[in-house]
Amino acid sequence: MKTNKQQTGLNSGNFRAIKRRNFLGVITLLTAAVFLTPASAQQPSPAKATSPKVWFVTGSNRGIGLGIARAALQAGDRVVATARRPEQVRAALPGYGDNLLVVALDITRGDQIEAAVKAAKEKFGRIDVLVNNAGYGQLGWFENNSEEQIRKQFDTNLFGTMNVARAVLPLMRQQRSGHVITISSIAGLTVTAGSSIYGSTKFALEGWMEGLAEEIKPLKIFSTLVEPGYFRTDFLDPTSVSWGALNIDDYAVESKKGREGAEKVNHKQIGDPARLGLAVVKIAAMKTPLLRFAAGSDAYDVMIKKARELHDNAEQFRELSGSTNGTWPDAK
């Protein structure tokens, strides 16, 4: 998921009935962190910040990244909009004058990351919100993906994202304020056939951000994972998505079905990148931002289904889990 790339995963089907009373408390705690935007809701207005924030958005030339950059600018904030093709950003975001700084950035290039952050500091003096959005989807069955394709996926989606944060966090630490927002995916919650490589990078982002949140919270820097469902972007376009380069007969039939299914839903997704941009601006304005945001009703369904599956699995094998406890004299 990233600039133009977002998420893979399937909408959840019918849920198994939950019979244990204490499950309600688990779901209540989880859903408290989820915001929904019903299709029937009126178009929300951009959140107005009490003072202009400075945003640093990667992959802002199209899709979700562009939606977030535009929403921040419409809210009166200042935006450092980065992309591998900066000319596309300028064409998409005209008329914002000194509130917009467009910078070329390939997040797999350390020199470009350093230069982009330096330009942001020189222009605006600070960075209040970092949006890690740039990336893409490497799809197809695991064995259909070459080692080179897998390494490239991790170099971009995971290590590139980490390196951008590594460059921005010193400035936020100095400020003793900031907000790191990373665009994950429903594929960071559950992975289906054909998205094992892409999903593994999103799972890695989820783990990294959970730990990072605890490390930077004492420095008054917040963290949020945005987990989009299906959004109407060019994520599944030939110019964006990458498919496994290796052909294996044993997977041929199912992998073909998977690819054809992706092509059928392309540009028919329920999610609106512009509305997600407005939601992210609202999250950045919160006094205490949430750690996770399920973006879209389909993402909500996936999160709830995952929580139920984890609960059911834990309860089913609770006795076996406890059987591994040692009978040590010092055990409590």
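First things first, this report covers the structure right here in the doc. (Residues numbered from 1 in each chain as written. Predicted model: local features only at pLDDT ≥ 70, side-chain atom pairs only at ≥ 80, totals over all residues. Heavy atoms only, no water.)

Here we look at the overall build of the chain
Put simply, the rule reads: Here a strand is any run of E in DSSP of at least two residues, a helix any run of H or I of at least four, and the numbering for each starts at the N terminus. Throughout, exposure labels follow a simple rule: accessible area from a 1.4 Å probe, protein chains only, divided by the maximum for the residue type, with under 20% read as buried, over 50% as exposed, and the rest as partly exposed. Contacts: residue pairs with any heavy atoms within 4.5 Å of one another.
Assigned secondary structure in the chain consists of ten helices and nine strands. For the chain, the proportion of its 332 residues judged to be buried stands at 48%. Residue pairs in contact within the chain that sit at least 24 positions apart in sequence constitute 78% of those at least 6 positions apart.

Here we look at the pattern of salt bridges
The condition is simple: A pairing counts as a salt bridge when a side-chain nitrogen of Lys or Arg comes within 4 Å of a carboxyl oxygen of Asp or Glu.
The full count for this structure, using the stated rule, is nine salt bridges. The salt bridge involving R109 is made with D111; its shortest N-O contact spans 2.8 Å. We note a salt bridge from E227 to R292, for which the minimum N-O separation is 3.0 Å. Of this pair, E227 sits in strand β7 (residues 221–228) while R292 sits in strand β9 (residues 292–295), and the two are 65 residues apart along the sequence.

Examining helix α9 (residues 297–316)
Defined as follows: Helix span is expected to be 1.5 Å times the residue number reduced by one.
For α9, built from 20 residues, the straight-helix expectation of 28 Å at 1.5 Å per residue is met to within 8% by its first-to-last C-alpha distance of 29 Å. For α9, the complete set of buried residues consists of D298, A299, V302, M303, I304, A307, H311 and E315.

As for the environment of Y230
One can find Y230 in the loop between β7 and β8 (242–243). Separated by 41 residues in the primary sequence, Y230 and G271 place their C-alpha atoms 5.7 Å from one another.

With respect to the side chain of T58
Threshold: Side-chain atoms alone can form a polar contact between residues adjacent in sequence; in general such a contact is a pair of N or O atoms within 3.5 Å, and within protein one must be able to donate a hydrogen while the other accepts it.
Within the fold, T58 resides in the loop between β1 (54–57) and α2 (63–74). On the basis of relative accessibility, which here comes to 1%, the residue T58 falls in the buried class. Reaching out from T58, the side chain makes a polar contact with the backbone nitrogen of N133 at a distance of 2.8 Å.

Re the side chain of S184
As for its placement among the helices and strands, S184 is situated in the loop between β6 (178–183) and α6 (196–216). Within the structure, the side chain of S184 is placed 2.7 Å from the side chain of E206, a separation counted as a polar contact.

Considering helix α4 (residues 110–124)
The line we're drawing: Relevant arc is that of directions from the helix axis to the C-beta atoms, nothing else.
Here α4 contains 15 residues, and its C-alpha end-to-end distance of 21 Å stays within 8% of the 21 Å for a straight helix at 1.5 Å per residue. When α4 is considered as a whole, its buried residues turn out to be I113, A116, V117, A120 and F124. The arc that holds every buried residue of α4, seen down its axis, measures 95 degrees, which confines them to one face. Set apart from the buried face of α4 by more than 90 degrees, the exposed residues are E114, K118 and E122.

As for the environment of A75
Position of A75 relative to the elements: it lies in the loop between α2 and β2 (78–83). You can call A75 buried: its relative accessible area is 8%. Counting along the chain gives 23 residues from A75 to P52, while the straight-line C-alpha distance between them is 8.4 Å.

With respect to the sheet that holds β6
For the record, the criterion: Paired strands, in this sense, are two strands between which DSSP finds at least two bridges. Orientation is described by lines fitted to C-alpha atoms, with helices fitted over the stretch in contact, and by angles between N-to-C directions that extend from 0 to 180 degrees.
Read from one edge to the other, the open sheet built from seven strands follows the order β3-β2-β1-β4-β6-β7-β9, with strand pairing classed as parallel. Looking along the sheet, the strands with just one partner apiece sit at the ends: β3 (100–104) and β9. Strand-to-strand twist in this sheet, taken as the mean axis angle between neighbours without regard to direction, amounts to 15 degrees. Strand direction decides the pairing type here: β7 and β9, joined by four bridges, are parallel. Bridging across to β9, L225 finds its partner in R292. Seen against the sheet, α6 touches β4 (129–132), β6, β7 and β9 and runs at an angle of roughly 160 degrees to β7.

Overview of the pairing of β7
For clarity, the threshold we go by: Classification remark: right-handed applies to a crossover when, strands pointing away from the viewer, the course from the first strand over the helix to the second runs clockwise.
In terms of burial, β7 is a largely internal element, seven of the eight residues being buried. The sheet contact formed by β6 and β7 spans six bridges and is parallel. Paired with T182 across the strands is L225, a residue of β7. A crossover connection joins β6 to the parallel β7 through α6; in handedness this β-α-β unit is right-handed.

Focus: the pairing of β3
Regular strands have side chains that alternate between both faces of the sheet. The buried fraction of β3 is high, at four of five residues. Note: β2 against β3, five bridges, orientation parallel. Bridge pairing in β3 links A81 to V102. Regarding topology, helix α3 (residues 86–92) serves as the crossover connection from β2 to the parallel β3, and that connection is right-handed.

Some thoughts on the packing of α4 against helix α5 (residues 147–175)
For the record, the criterion: Between 65 and 115 degrees an angle is taken as roughly perpendicular, under 35 as roughly parallel, over 145 as roughly antiparallel, and anywhere else as oblique. When the near helix sits turned anticlockwise from the far one by under a right angle, the crossing is termed left-handed; a clockwise turn instead gives a right-handed crossing. Residue polarity is assigned by list, with Asp, Glu, Lys and Arg as charged and Ala, Val, Leu, Ile, Met, Phe, Trp, Tyr, Cys and Pro as nonpolar; anything else, Gly included, falls into the polar class.
One can describe the packing of α4 onto α5 by two numbers: an axis separation of 10 Å at closest approach and a directional angle of 30 degrees. On the basis of the axis angle, α4 is roughly parallel to α5. As α4 runs across α5, the sense of the crossing is right-handed. Residues I113, V117 and K121 of α4 form the contact with α5, whose participating residues are G160, N163, V164, A167, V168, L171 and Q174. By residue class, the composition of the contact of α4 with α5 is six nonpolar, three polar and one charged.

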